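Observations on the three-dimensional arrangement
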Amino acid sequence: MKTEISRRRFLQGSAALTVVAVSGAATALIEKEEHDKVASFGLRKTQWSDKLTEVPTLCEMCVNKCAAIARVEDGVITKLNPNPLFPKSRNMLCARGNAGIQALEDPDRLKYPLIRVGKRGEGKFKRVTWDEAYEHIKNKMVKILDEEKDNRSTIGYCAGEGMAEHTYVSFMQDKIGSSNFVNHATICLTTTIAGYTLTLGGYGQADLENAEYVIMAGANRAEAIVTPDTMDMFKRTKGRGAKLVVIDPRFTNTASHADKWLPIEVGTDLAFVLALTHVAISEGLYNKKFTQENMSDFEAYKKHILDKNYTPEWAEKITGIKANEIREVARDFMAHAPRSIYYQGRRTAWSFQDFQVRRAQAIFTAMGGGVDKKGGILFGKKLELGKHEIPSPSYFNAEPRIEKDKAAVVGTSGSWIAWRNTIIDGTAPYPVRAFFAYKQNPMLSVPNTSKTRQMLEKMDLVVVIDTMPSDTVMMADVVLPESHYLEREDPVKTFGGSEPSIALRKKVVDAKYDTKPVIEMMRELGEKLAKPLFEISKKYDEELQELIEDAQDEGGEEKVYKQEGYDLAEGYKHSQETINHHMVTSVYGEEAWKTLREKGIFYPDMDKYFKKKSVNTYQYYPEHKKSYSVIKGELDVEPYHDTCVDTKEIGVLKKEFRTATSKIACALYNLEKKKGVDAMPTWREELYTPTPQGRFRFITGRHGQFTQSGTSNNALLLDLMDENYLWINKRVAQEKGINFGDNIEVKSSIGAIQIKAYPTEKIGPNVVFFIHGFGAESSELTLAHHKGANDNMIIEDHYEKSFGSAAMHETIVDIRRV
Amino acid sequence: MARYGMALDYKSCINCKACESACKEENGILLGADKHRIWVGVPEMEGIFPNLSIGSSSYAPSQCQQCDNAPCQEVCPTNATYYDDNGVVRVNPEQCILCTYCMQACPYDARYIDDRTMTVDKCNFCSDTRLINGETTTACQATCPTKVRIFGDLDDPNSEISQVLRDREHYSLKTHLGTKPKLYYLT
């Protein structure tokens, strides 16, 4: 190998990050006390003092929840190291995991509750006590709910993924009683979860430790790190056990590990998968026994694929991938099956046909037999935890969600774009007047930022819970600062899969500022709101009035209030530690609890099974104890072993639309009959717009050192890459006279941004790309402020009509040097 | 007493920079684009879209090569650069006069100036942060997602690094200069 050891800090330019104490450079709109400014960005060398302790915890720099051990010296965390005991994270912490200390120590953090004093969005706040903040929220909510006659759904709310997400959602959904919830799913993975679940019965876990042939389309596991997938995959690429085919319009870090990289026309994945399927069917390469025993309507599907003539030649014209390449991939895939996987992917909010793409992928994988088998897609096992029930009142006047008819199936987590647009375009059947956000930054995360701003401007109350002064925080009326993940205990979590375990995020250090974990906020807010909101329900809720009347003889109102769950703080009264203790000991006993607290991880027989195999590798379960094949008889599996999706919601979905729940579903006739969604994956010409000549399709994506907009102010991570750049084909750039670092305007129908150019051959001539998460407007983010560009300023607010999932790669842009 | 070295299974590298971050956190490295002890080399992509050479895109994790015959040590006029008992090339900040001869002499471009300590610093295999406290790995090895690095004692025939170097093909960088590096790239 020719090794070029280049110290050129690729993509980082020569501009070194200036790391100094927070100066007056950013206008301090939030009234800051002088002592706040003492804190500074920077790293601290380990001192290994005598007072050193090691505390196991779980990372929250992204969604993976890798196990870490914090080294604490004199109450200060000096290093985060990987905890080798966790099967999911396989003894590693990525760059972001290491940078958790910088997030904790970030001098820009939200430090105490705030109430807006200037105009909304102006960013002027005053420091208040927690009680003042709750009082403000109460007064607004009482007024709004009184005026809306106890229609609880007038309170909208959103959440980003996190271990405390459920605590917040249960409060808003079950206690406050609003149906208007939106979360990250429809700007992330709704279509792939729905596609795999409705086809295979579950999303499953790709067994990349044992697969021999993997197709990753769009999924970029070298940069969008998912554990254990990333670690399992890239130890076995480059001729070391697993063949990897990467389908991506960009040459990513994942592509650099591929045996074959096939750049595809953006938005044409469905044609590619259908053509693979055509090859497997017409050449009879699929697993006949498996398809016969485990798949329903396979004969109809075969006929459908052949009748539609989805040949490689047909697909070549659409996808730009040569017919012979498609044939080769299909043959190779089936030759390695059942250890062949068409990788499910995660952020699949790309195009209008995303749901059918995922259906076709799942069916194609199943045709090779790689389902519930070693080296295929596994369902594994999950270690059950005890229950923590929260009694919830039913509100007679609470209306269904506003955007329920804007897509074929709108689940309980909604459709972000459709929901927001329904509020601002005046088509909502009733007004949504308040908005709560937890750990989500819709100003940066939802396509079309200016519409999100309009939505927030329409609200009578905006409450934001976060750790950092994000752009969404800047739009708030009330800001409730959450304690950092290293400062709090979160709900204990069970992680399913072939090597299941239970992991705990334990508090490592005391809260530095006047911040609280969500459970405490919900308890205190619940105490503040319970009686006043009950009074409103009494006034308008006829069912409640009847209940009280019926209970007249036995305690009346007080009894109903208690029994029906109107005490809003109920369910949040115990500390998280107490609740966790109950959830673990009720199933596994005190010894398990002790292990979990000491080691951070627990699973039955861990002491027997866990072994160090080499300086880098560990055994979690002996091979014969791994849960590769779990289905006995009929295929009916746990919906999903992940934190990103509501299993209840998926359960409902399956129940309603999976016609033959015991088999892999090639045709979803119920979905077609009830909702008009194609029963079998079908290429829809009308849903695809080719990129016009001379213009560009804009695509967005993730990065190994940043998590959406959440890490944009992290000093250590910005030291690795200081802003995002526009990928543009080198020859196209040359024609346009664009050089590296030139300022480029990228303009779509909804807006324009400016960003520096990165001309490269790693992208095709009709596509431009930059990573998501940069371009913050918030002047309170000293390092992130106006750094790079915000993709959602230009991504048009299209969404696909099956599940209301964002179609982020349907935007055509023009570029020019400025 | 040991003779520490590191083997790198570089084919597993995904350029995620976990190693670089862990190094910085562990050793309190000054932030700033060129202030670092370890890095991942990214070669220029060969080919023209869509015909790119995948082989040309391998990542090259690198750092001080911990030479047995280190040019930086040889040229140091004050003996600030020295070999410790474990064969690790170290720097004594007290003695460094910032003459930067070592920066010129190092064929691997592995030395940088730390403006706080006024030292031409370098990787020391976490000697003063981890090894001295009984840890057996470096921060970069411990944190690596795909486990590129194997750190250990080359003088111990039973160490994993010794075994791996016996069993697997490997090469070192710029060996023709006679530097005798103790970093080994596994093929």
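Conventions adopted
- Note that residues are indexed from 1 along each chain, following the sequence as it is written.
- Key to labels: chains lettered from A, ligands numbered from 1, both in the order written.
- The model is predicted, so local features are restricted to residues of pLDDT at least 70 and side-chain atom pairs to those at 80 or more, both for listing and for counting; the totals for chains, interfaces and linings are taken over all residues.
- Values shown for side chains rest on all heavy atoms present in the structure; no hydrogens or waters enter the calculation.
- In this text, helices come from DSSP runs of H or I with a minimum length of four residues, and strands from runs of E with a minimum of two, each type numbered from the N-terminal end.
- For this measure, only C-alpha atoms enter the radius of gyration; the expected value for a globule follows 2.2 Å times N^0.38, where N is the number of residues.
- Contact definition: two residues touch when any of their heavy atoms are within 4.5 Å.
- Throughout, the Shrake-Rupley method with a 1.4 Å probe supplies accessible areas, and for residues the shown protein chains are the sole cover considered.
- For two strands to be treated as a pair, DSSP must find at least two bridges joining them.
- Every axis in this analysis is a line fitted to C-alpha atoms, fitted for helices over the stretch in contact. Angles between the N-to-C directions lie between 0 and 180 degrees.
- Residue burial is assigned from relative accessible area. The probe radius is 1.4 Å, only protein chains are included, and a residue is buried under 20% of its type maximum, exposed over 50%, and partly exposed in between.
- Each direction from the helix axis to a C-beta atom contributes to the arc, which is the arc of those directions.
- Every angle not falling under 35 degrees, over 145, or within 65 to 115 is termed oblique; those three ranges are roughly parallel, roughly antiparallel and roughly perpendicular.
- Definitions for this section: a left-handed crossing has its near helix turned counterclockwise from the far helix by less than a right angle. A right-handed crossing has that turn clockwise.
- In the analysis that follows, any N or O atom pair within 3.5 Å is treated as a polar contact, provided that within protein one partner can donate a hydrogen and the other can accept it, and provided that, for residues neighboring in sequence, both atoms belong to side chains.
- Throughout, the edges of the domains are those of an automatic or database domain assignment.
- Buried area is a sum: the accessible area each of two parts loses on coming together, probed at 1.4 Å, counted once for each and added.
- The term salt bridge refers to a side-chain nitrogen of Lys or Arg lying within 4 Å of a carboxyl oxygen of Asp or Glu.
- Residue polarity is assigned by list, with Asp, Glu, Lys and Arg as charged and Ala, Val, Leu, Ile, Met, Phe, Trp, Tyr, Cys and Pro as nonpolar; anything else, Gly included, falls into the polar class.

The helix and strand inventory of chain B stands at five helices and 12 strands. Here chain B has a C-alpha radius of gyration of 17 Å; the compact-globule value for 187 residues is 16 Å, and the two agree. Based on the C-alpha atoms only, the size of chain B along its principal axes is roughly 55 × 40 × 35 Å. Of the contacts made within chain B by residues no fewer than 6 positions apart, 57% connect residues no fewer than 24 positions apart. By element, 48% of the accessible surface of chain B is carried by carbon and sulfur atoms, the whole surface being about 7100 Å².

What follows deals with the sheet that holds strand β9 (residues 213-217) of chain A. All names here are of chain A. Spatially, four strands are ordered β11-β10-β9-β13 in an open sheet, and the strand pairing comes out parallel. Each end of this open sheet is capped by a strand with a single partner; those strands are β11 (260-262) and β13 (340-342). In this sheet, adjacent strand axes meet at a mean angle of 10 degrees when their direction is disregarded. Sitting on the sheet, helix α12 (residues 354-367) touches β9 and β13, and the angle it makes with β13 is about 175 degrees.

Residues and elements named next belong to chain B. Within helix α5 (residues 160-167), the full set of buried residues consists of Ile 161, Ser 162, Val 164 and Leu 165. For α5, the angular spread of the buried residues around the axis is 165 degrees, confining them to a single face. α5 presents Arg 166 and Asp 167 as exposed residues on the side facing more than 90 degrees away from its buried surface. Contact partners of the buried residues in α5: β1 (4-8), β10 (149-153), β11 (170-171) and β12 (183-186).

Residues and elements named next belong to chain A. It is the contact of helix α5 (residues 190-200) with α12, at a shortest axis distance of 8 Å, that shows an interaxial angle of 40 degrees. Taken together, the axis directions place α5 and α12 in an arrangement best described as oblique. In terms of crossing hand, the pair formed by α5 and α12 is right-handed. Of the residues in α12, those touching α5 at Thr 191, Thr 192, Ala 194, Gly 195, Tyr 196, Leu 198, Thr 199 and Leu 200 are Asp 354, Phe 355, Arg 358, Arg 359, Gln 361, Ala 362, Ile 363 and Ala 366.

Our focus in this paragraph is the environment of Lys 88 of chain A. Residues and elements named next belong to chain A. Position of Lys 88 relative to the elements: it lies in the loop between β3 (76-82) and α1 (95-98). For the pair formed by Lys 88 and Asn 64, sequence separation is 24 residues and the distance between their alpha carbons is 8.7 Å. In this structure, Lys 88 is in contact with Asn 64, Thr 227, Pro 228, Met 231 and Phe 495, ignoring residues within four places of it in sequence. A polar contact is formed between the side chain of Lys 88 and the side chain of Thr 227, at a distance of 2.9 Å.

All names here are of chain A. Here the domain parsing of chain A yields domain 1 (114-188 + 394-563), domain 2 (205-378 + 646-682) and domain 3 (686-817). Its C-alpha centre places domain 2 at a distance of 27 Å from the equivalent point of domain 3. Summed over both partners, the interface of domain 2 with domain 3 buries about 2200 Å², with 62% contributed by carbon and sulfur atoms. Where domain 2 packs against domain 3, one counts zero salt bridges. Between domain 2 and domain 3 we count nine residue pairs in polar contact (both at pLDDT 80 or more) in total. Here the side of domain 2 that touches domain 3 is composed, by residue class, of 13 nonpolar, five polar and five charged.

Time to look at the sheet that holds strand β4 (residues 114-116) of chain A. Hydrogen bonds between backbone groups are what pair the strands of a sheet, and the pairing can be parallel or antiparallel. Residue and element names in this part refer to chain A. With mixed pairing, the seven strands of this open sheet are ordered in space as β5-β4-β17-β16-β15-β6-β7. Looking at which strands have only one partner, the edges of the open sheet turn out to be β5 (125-127) and β7 (181-183). In this sheet, adjacent strand axes meet at a mean angle of 15 degrees when their direction is disregarded. In the sheet, strand β6 (residues 155-159) pairs with strand β15 (residues 434-438) via five bridges, with the strands oriented parallel. Following the sheet pairing, Tyr 157 is matched in β15 by Phe 436. Lying on the sheet, helix α16 (residues 518-540) is in contact with β15, β16 (461-466) and β17 (478-481); it crosses β16 at an angle near 145 degrees.

Moving on: the interface of chain B and chain A. At the junction of the two partners, chain B supplies 64 residues and chain A supplies 69 residues. Buried area between chain B and chain A, summed over both chains or domains, comes out near 5600 Å², and the portion from carbon and sulfur atoms is 55%. Looking only at chain B, the three residues that lose the most surface to chain A are Glu 25, Leu 31 and Phe 49 of chain B, adding up to 15% of its buried area. Scanning the region where chain B abuts chain A turns up three salt bridges. The salt bridge involving Glu 26 of chain B is made with Arg 71 of chain A; its shortest N-O contact spans 2.8 Å.

A few words on the pattern of salt bridges. Inspection of the entire model under this criterion finds 70 salt bridges over all chains. Close ionic contact of Glu 148 of chain A with Arg 433 of chain A constitutes a salt bridge, the shortest N to O distance being 2.9 Å. Of this pair, Glu 148 of chain A sits in the loop between α3 (130-147) and β6 while Arg 433 of chain A is found in the loop between α13 (416-424) and β15, placing the two residues 285 residues apart along the sequence. By the burial criterion, Glu 148 of chain A is buried, and Arg 433 of chain A matches it. Among the ionic pairs, Asp 114 of chain B bridges to Arg 116 of chain B, the shortest N-O distance being 3.0 Å. Among the charged side chains, a salt-bridge network with shared partners connects Arg 90, Glu 209, Asp 232, Lys 374, Glu 499, Glu 623 and Lys 626 of chain A.

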